[in-house]
Amino acid sequence: MENIIDEIFGKISAELLRAESKFPWWPFDPLHAHAIVAEEFGELAKACVDFRFEHVERTTATSRMEKEAIQAAAMCVRFLIGIGHYKTRGDDPAPIIYIKTEGEK
Ligand SMILES: [Mg+2]
């Protein structure tokens, strides 16, 4: 069991390093950071749908699910790395952009 856990964490760690190298910046806004995490979970969901319902070859579909689960986990780790750095509405200067939606006049 430890071997599989070590293997999985090793893959997550490698993906984290790859992602940080390719995209060194991470949002200061946790909602944007969350969107990146959610995007990866969306890709995992699609891979699962393909596995279960589409005519994707089993090995290929399994490989896609594994890849997307690892990417989602790596983005969760990035989210956690950012925990102490996210800006709130009260932080100044926090360039969080709000759009006023008071209706057209
Ligand atoms: Mg992905």
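In this text the structure is predicted, and so the values were computed from the model without any measurement.

Peer 1: Before we move on, could you go through the packing of helix α2 (residues 30–53) against helix α3 (residues 58–81) and cite the residues and values that matter?
Peer 2: As a packed pair, α2 and α3 sit with axes 8 Å apart at the nearest point and diverge in direction by 165°. The orientation of α2 with respect to α3, classified from their angle, is roughly antiparallel. As α2 runs across α3, the sense of the crossing is left-handed. Judged by residue contacts, Ala33, His34, Ile36, Val37, Glu40, Phe41, Glu43, Leu44, Ala47, Cys48, Asp50 and Phe51 of α2 engage Ala61, Thr62, Arg64, Met65, Glu68, Ala69, Gln71, Ala72, Met75, Cys76 and Phe79 from α3. When its residues are assigned to classes, the contact of α2 with α3 shows 15 nonpolar, three polar and five charged.

Peer 1: Before we move on, can you summarise the nonpolar core with the specific residues and values?
Peer 2: Counting residues in each nonpolar core, the largest one holds seven residues, listed as Leu44, Ala47, Ile70, Ala72, Ala73, Ala74 and Met75. Breaking this core down by element, the ones donating at least two residues are α2 and α3. If one sorts the elements of this core by residue count, α3 sits on top with five residues. In this view, alanine 74 contacts Ile12, Glu15, Leu16 and Ala19; residues no more than four positions away in its chain are not counted.

Peer 1: Residue-level account of the environment of phenylalanine 9, with values.
Peer 2: Looking at the element boundaries, phenylalanine 9 is found in helix α1 (residues 2–22). On the basis of neighbour count, phenylalanine 9 is assigned to the partly exposed category, with 13 C-beta atoms found within 10 Å. A sequence separation of 64 residues divides phenylalanine 9 from alanine 73, and the C-alpha atoms of the two residues are 9.3 Å apart.

About the cut-offs
- Residues numbered from 1 in each chain as written.
- Predicted model: local features only at pLDDT ≥ 70, side-chain atom pairs only at ≥ 80, totals over all residues.
- Axes fitted to C-alpha atoms, helices over the stretch in contact; angles between N-to-C directions.
- Helix = DSSP H or I, 4+ residues; strand = E, 2+ residues; numbered from the N terminus.
- Parallel < 35°, antiparallel > 145°, perpendicular 65-115°, else oblique.
- Left-handed = near helix turned anticlockwise from the far one by under 90°.
- Contact = placed C-beta atoms within 7 Å.
- Nonpolar A, V, L, I, M, F, W, Y, C, P; charged D, E, K, R; others polar.
- Core = buried A, V, L, I, M, F, W, Y, C linked by C-beta atoms within 7 Å.
- Buried ≥ 20, exposed ≤ 12 C-beta atoms within 10 Å, placed from the backbone.

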